[in-house]
Structure formats: structure tokens, C-alpha cells
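Next come the chains, spelled out residue by residue.
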Amino acid sequence: MTEIKDLAEKHRMVSDMFKLPKSKEAWEPYRLTDEQVAHFHEEGYVSGIKMLNEAQITVLRNDLEEILDPKHQAHELFYEFHSNESTDLDSVLFHSLGHWRITEGFHDVLWNPAFVMAAHQLLDSKPVRFWHDQLFCKPAKHGGVVAWHQDYSYWTRTIAMQHLTCWTGLDDATVENGCLHYIPKSHKWGLLDAPELAGDMNGIMAYLTEEQKAAFKPVPIELKKGYATFHHPLMVHGSYKNESNRSRRAFVLNVFADGTISNTDDELLAGVPPIPKGNKMEGKFFPLLFDAEI
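None of the values given here were measured: they were computed from a predicted structure. (Residues numbered from 1 in each chain as written. Predicted model: local features only at pLDDT ≥ 70, side-chain atom pairs only at ≥ 80, totals over all residues. Heavy atoms only, no water.)

Visitor: Is there a simple way to explain the sheet that holds strand E5 (residues 146-149) in this structure?
Guide: By way of backbone hydrogen bonds, the strands of a sheet pair with one another, either parallel or antiparallel. Judged by pairing direction, the sheet is antiparallel, and its 4 strands sit side by side in the order E5-E11-E8-E9 without closing on themselves. A single partner strand is all that each edge strand has here, and the edge strands are E5 and strand E9 (219-221). On average, each strand axis in the sheet is inclined to that of its neighbour by 30°, with strand direction left out of account. Bridging between strand E8 (residues 180-182) and strand E11 (residues 237-239) involves 3 bridges; their strand directions are antiparallel. Paired with leucine 180 across the two strands is serine 239, which belongs to E11. (Pairing = 2+ DSSP bridges. Helix = DSSP H or I, 4+ residues; strand = E, 2+ residues; numbered from the N terminus. Axes fitted to C-alpha atoms, helices over the stretch in contact; angles between N-to-C directions.)

Written out as C-alpha cells, the structure reads:
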């Protein structure tokens with residue numbers, strides 16, 4: 001039997017999928033503009049950031065096909081694996097966490113220069129530390145919803161709130177195949193209760209004020225494959241069903257600023273040893289991705 005390698009042991013790239021810039025000048029092409037950063041802070045998101053070329057997309061698509069199999073030899077390394085998390089019996093939503101530990105492609109994308117530089121800027125130029133990854137796959141014709149929610153409503157086990165989410169498509173994402181939608185400026189509403197992630201699309205409405213309901217005007221984030229959108233941890237977002245003839249596959253990278261601490265004595269992620277409440281989030285499962293010194 002082949003030995004299972006846990007890539008969480010490696011806090012650096014293990015393939016040649018990306019080239020890490022060696023100087024401050026070499027990092028410059030990856031920097032967001034002042035206008036993009038301002039849009040993020042005002043609206044709660046910034047979209048249309050190129051993350052991957054065609055070859056890199058192909059690598060990740062192949063990795064995805066490999067790990068979709070529940071009988072994959074490294075399956076035990078997932079934090080979560082849901083072949084179908086949808087509560088609608090007629091829909092399918094594949095959702096997993098932890099695949100960065102399994103394939104070189106999904107491991108190395110954490111250190112993608114375009115990702116870590118943007119994350120560094122959007123986290124107020126602080127060092128960037130990894131939180132966890134996710135995969136969301138909506139098959140053609142019967143892809144399920146991801147209900148309206150705020151990411152941080154599921155993450156209060158970590159504080160302070162200095163988190164960031166990056167969603168990158170492995171397919172073109174359109175209104176027809178269930179692209180992400182945002183409620184602009186909703187990151188200023190404060191922390192809301194957490195609805196069931198793959199349940200009632202509009203479950204969050206029960207937690208909104210009349211003023212918030214009036215401002216609830218979804219904006220679709222259509223993206224070409226290989227492009228990303230970043231959003232604030234309190235941004236209300238979700239995605240509708242995929243009833244088109246095209247799949248909608250995407251991966252998510254969640255990070256926080258270095259110095260974030262554990263807010264629980266329980267497990268932070270399934271199978272990960274607890275970090276005692278009040279202690280810094282660090283170690284094998286939470287690598288430092290980008291240092292502010294660069």
C-alpha cells in the first residue's frame with residue numbers, strides 16, 4: 001500500500017506550478033490598485049482578479065477529479081467531505097475542506113503570488129496565515145444552492161475578526177450556472193446568526209431588520225475560469241441553483257491576519273488538535289503564507 005503523505009507538513013510550495021517572486025520589484029505586478037482596495041473596504045468585495053492560467057486550471061481540475069472519489073487513499077485527511085450537502089433531494093452540492101493536504105496543486109495554490117499579495121493588501125498589510133480551504137461543485141442541471149450567509153458567523157471560534165475569503169472558479173461562473181452573489185455594503189451590518197449553509201436560500205431573512213431587507217439587492221459576480229473574487233468576513237453572499245448544461249466548480253481559500261487566536265478549547269477543524277482558547281493560531285495546520293516584511 002502506498003504511504004499517505006500529508007502535505008500539511010510542508011509549509012512551502014512542493015511543485016513548480018507557481019514561481020515565487022524573489023524581490024520587492026518582482027512582486028509589483030501582483031499588487032491590487034488603490035482603487036481595488038478602496039472598493040473592497042467600501043463595498044465589501046473586489047472581483048475579477050486573475051489567479052490562474054490555463055495550465056494551472058487543468059492541474060487543479062485533474063486534482064479535483066482524483067479526490068472526488070470517497071475511496072481515495074488519502075480521504076482521511078479531509079476535515080469535511082460531503083458528496084452532497086444539499087437539503088434539496090433534487091439538487092447536488094459537493095463541499096469539502098482539507099484537500100490542501102492531499103494534492104500538490106491544491107496545496108501550492110495557497111502560495112500563489114497573486115493570491116497572497118492581494119490577501120496581504122486586503123488584510124491591511126498584515127502577514128497572512130492560512131485558515132482552511134473549501135471546494136464547492138455544482139453539477140450541470142441539478143446543482144444546489146449555497147444559502148445567504150456571512151463566513152464569520154461560522155468562524156467565531158477564532159478572534160479577532162481579521163479574516164478574508166477568496167473564491168476562484170475552475171469553470172466560467174455565470175448567473176445561469178449558479179455564480180456567487182453579493183449584497184454590497186452588507187459587511188457593515190454586524191454579525192448575523194448563521195443559517196444552514198446548504199438549506200433554505202433565504203433563511204437569513206429571519207435575522208434581518210426591515211432596513212437591511214430593503215437594502216437586500218443581490219449583485220451577481222460573473223467570472224471567467226481562473227479569476228477570483230475576495231470578500232470581507234461579514235459580507236452576505238450566496239449562490240443559486242445550477243440548472244444550466246454546464247458545471248460550476250470552484251475552490252475557496254480562507255485566511256486571517258497573523259496574530260489571530262483560538263476562541264475555543266474544542267477542535268477548530270475535524271481531526272486537528274485543539275489550540276487552547278487564547279493561544280495563537282499557528283502550527284502545522286495554519287501555515288504563514290506571506291510575511292509583511294516582503
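Visitor: Any chance you could explain the packing of aromatic side chains here in plain terms?
Guide: The description of two aromatic rings rests on the distance between their centres and on the angle between their planes. Counting across every chain of the model gives 13 aromatic pairs. A centroid spacing of 5.2 Å and a plane angle of 80° characterise the contact between phenylalanine 81 and phenylalanine 94, whose relative ring orientation is edge-to-face. Placement of phenylalanine 81 in strand E2 (residues 80-82) and of phenylalanine 94 in strand E3 (residues 94-97) is noted, with a sequence separation of 13 residues between them. Of the two residues examined, phenylalanine 81 and phenylalanine 94, each falls in the buried class. Relative to tyrosine 240, the ring of tryptophan 148 lies with its centre 6.0 Å away and its plane at 85°, an arrangement referred to as edge-to-face. With tryptophan 148 in strand E5 and tyrosine 240 in the loop between E11 and strand E12 (248-257), this residue pair connects regions lying 92 residues apart in the sequence. Residue tryptophan 148 is classed as buried on the basis of its relative accessible area, which comes to 0%. Overall, the relative accessible area of 33% leaves tyrosine 240 in the partly exposed class. These aromatic residues form a ring-pair network of at least three members: Trp131, Trp155, Phe256 and Phe286. (Phe/Tyr/Trp six-rings, centres within 6.5 Å; stacked < 30°, edge-to-face > 60°. Buried < 20%, exposed > 50% of the residue type's maximum accessible area, 1.4 Å probe, protein only.)

Visitor: I tried to follow the environment of proline 218 on my own but got confused; where do I start?
Guide: Within the element layout of this structure, proline 218 appears in the loop between helix H6 (210-214) and E9. We classify proline 218 as partly exposed; its relative accessible area is 34%. Linking proline 218 and arginine 249, residues 31 residues apart in sequence, is a C-alpha distance of 21 Å. For proline 218, the residues in contact, after removing those within four places along its chain, are Trp148, His181, Tyr182, Ile183 and Tyr240. (Contact = heavy atoms within 4.5 Å.)

Visitor: When you look at the pattern of salt bridges in this model, what are you seeing that I'm missing?
Guide: When the charged atoms of two side chains lie near each other, side chains of opposite charge can form a pair. Scanning the entire structure with this criterion turns up 13 salt bridges. Across the pair aspartate 6 and arginine 101 runs a salt bridge, and its minimum N-O distance is 2.7 Å. A residue pair is termed long-range when its members are at least 10 positions apart, and aspartate 6 in the segment before helix H1 (24-27) and arginine 101 in the loop between E3 and helix H4 (104-108) qualify at 95 residues. Residue arginine 101 is classed as buried on the basis of its relative accessible area of 7%. Glutamate 42 serves as the salt-bridge partner of lysine 188, at 3.3 Å between the closest nitrogen and oxygen. Highlighted residues: lysine 188 in the loop between E8 and H6 and glutamate 42 in helix H2 (residues 34-43), separated in sequence by 146 residues. (Salt bridge = Lys/Arg side-chain N within 4 Å of Asp/Glu carboxyl O.)

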